[in-house]
Amino acid sequence: MDLRETILAYVPVNEQEAGDRELMLRAMERFDDLLLRQNAFMHFTASAWIVDSARAHTVMVWHNIYKSWAWTGGHADGEADLLRVACREAGEETGLTRLEPLCDQPISLEILPVSAHVKRGRFVSAHLHLNLTYALLADADEPLQAKPDENSGVKWFGLEEALSATREEDMRPIYAKLNEKVRRL
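Residues numbered from 1 in each chain as written. Predicted model: local features only at pLDDT ≥ 70, side-chain atom pairs only at ≥ 80, totals over all residues. Heavy atoms only, no water.

**Student:** Explain the overall build of the protein here, please?
**Tutor:** For the protein, the count of helices and strands is five helices and 10 strands. Its C-alpha radius of gyration of 15 Å places the protein within 12% of the 16 Å reference for a compact globule of 185 residues. Expressed as a percentage of the 185 residues in the protein, the buried residues total 48%. Counting 21 positive and 30 negative side-chain charges, the protein places the averaged centre of each group 3 Å from the other. (Helix = DSSP H or I, 4+ residues; strand = E, 2+ residues; numbered from the N terminus. Rg over C-alpha atoms; globule rule 2.2 N^0.38 Å. Buried < 20%, exposed > 50% of the residue type's maximum accessible area, 1.4 Å probe, protein only. Lys, Arg positive; Asp, Glu negative; His and termini not counted. Charge placed at Lys NZ, Arg CZ, Asp CG, Glu CD.)

Pasting the structure below:
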């Protein structure tokens, strides 16, 4: 299934997802470079909500730019298989090597605003991330390791604890939605 088909097949669970899904599809009609961050207006990203086998805990990273505990994720950088992107980024950012998708389809989609910032010494203008989120299963006994150029900590949190751990107020409803969804998988 290609990315457009994946988004078309996604069944929104709330008004935010329905609106964001429609905007993603409209953006795909207008731009042919949404898989590349060279599109300075908006581009696709993939995130992972990593849980343990009991679906009681999630792994979060201390994000160096946002100064907050956050999910893992990153840019598509030309890769249309966003599940692969989510898995790659999750492994790179946590050190986890035994990650398994709980399902092969996204469990959430959202358009996220990104404030202007400096990354690796370069100014990055404000833009939008067209994000698909995937649920990944990890072994809670596997060692965690930070990726210093992106995060300075990796830690397991209880699902509810993750909501209060983030300093990003606008992410709490998204993380709460993800918690509900992984409990049902």
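**Student:** Explain helix 2 (residues 15-30) here, please?
**Tutor:** Side chains three or four residues apart in an α-helix point the same way, a direct result of the helix having 3.6 residues per turn. Spanning 16 residues, helix 2 covers 23 Å between terminal C-alpha atoms, matching the ideal 22 Å at 1.5 Å per step. Buried within helix 2 are the following residues: E17, D20, R21, M24, L25 and A27. Viewed end-on, helix 2 has its buried residues packed into an arc of 160°, placing them on one side of the element. Exposed residues on helix 2 whose side chains face more than 90 degrees from its buried face are E15, E29 and R30. (Expected span 1.5 Å × (residues − 1). Arc of directions from axis to C-beta.)

**Student:** Where do I start with the layout of surface pockets in this structure?
**Tutor:** Any space left empty among the atoms is revealed by the rolling of a water-sized probe across them. Of the voids in this model, the largest pocket is the one considered here, and its volume is about 1,100 Å³. Together, 45 residues line the largest pocket, and Y66, H75, H117, K119 and H129 are the ones closest to its centre. Broken down by secondary-structure element, the contributors of at least two residues to the lining of the largest pocket are strand 1 (42-51), strand 2 (57-63), strand 4 (72-75), helix 3 (82-94), strand 6 (108-114), strand 7 (117-119), strand 8 (122-124) and strand 9 (127-137). Among the residues making up the lining of the largest pocket, the classes are represented as 15 nonpolar, 17 polar and 13 charged. (1 Å grid on protein atoms, 1.4 Å probe; cavity = no way out; pocket = protein on both sides within 12 Å on 5 of 7 lines; lining within 4 Å. Points joined across faces, edges and corners; volume = space filled by probe spheres on them. Nonpolar A, V, L, I, M, F, W, Y, C, P; charged D, E, K, R; others polar.)

**Student:** What should I look at first to understand the packing of aromatic side chains in this one?
**Tutor:** The geometry of two aromatic rings is summed up by the distance between their centres and the angle between their planes. A full pass over the atoms with the stated rule returns five aromatic pairs. Between W71 and Y175, the ring centres sit 5.5 Å apart and the planes meet at 65°, which makes this aromatic pair edge-to-face. In this pair, W71 is assigned in the loop between strand 3 (68-70) and strand 4 and Y175 in helix 5 (residues 172-184), connecting sequence segments 104 residues apart. Taken together, the ring pairs in this structure connect W49, W71 and Y175 into an aromatic cluster. (Phe/Tyr/Trp six-rings, centres within 6.5 Å; stacked < 30°, edge-to-face > 60°.)

**Student:** When you look at helix 5 in this model, what are you seeing that I'm missing?
**Tutor:** Taking 1.5 Å of rise per residue, the 13 residues of helix 5 would be expected to cover 18 Å, and the 19 Å separating its terminal C-alpha atoms lies within 8% of that figure. Considered for burial, the residues of helix 5 that qualify are I174, Y175, K177, L178, N179, K181 and V182.

**Student:** Quick question: what am I supposed to make of the pattern of salt bridges here?
**Tutor:** Once the charged atoms of two side chains with opposite charge are near each other, the side chains can pair. This model, assessed by the stated rule, comprises 16 salt bridges. Here R120 and E150 are joined by a salt bridge, their closest N and O atoms 3.7 Å apart. Of this pair, R120 sits in the loop between strand 7 and strand 8 while E150 sits in the loop between strand 9 and strand 10 (151-158), placing them 30 residues apart in sequence. Here E169 ties to R172 by a salt bridge, and the two come within 2.3 Å at their closest N and O atoms. By relative accessible area, which is 57% here, E169 ends up exposed. (Salt bridge = Lys/Arg side-chain N within 4 Å of Asp/Glu carboxyl O.)

**Student:** Even after reading the chapter, I still don't get the pairing of strand 6, so can you show me in this structure?
**Tutor:** Each regular strand carries side chains that alternate between the two faces of the sheet. With six of seven residues buried, strand 6 is to be regarded as a mostly interior element. Where strand 6 meets strand 9, seven bridges bridge the pair, whose relative direction is antiparallel. Considered in strand 9, the bridge of L109 is made with L132. (Pairing = 2+ DSSP bridges.)

So far we have only geometry, and geometry alone does not tell us how the molecule works.
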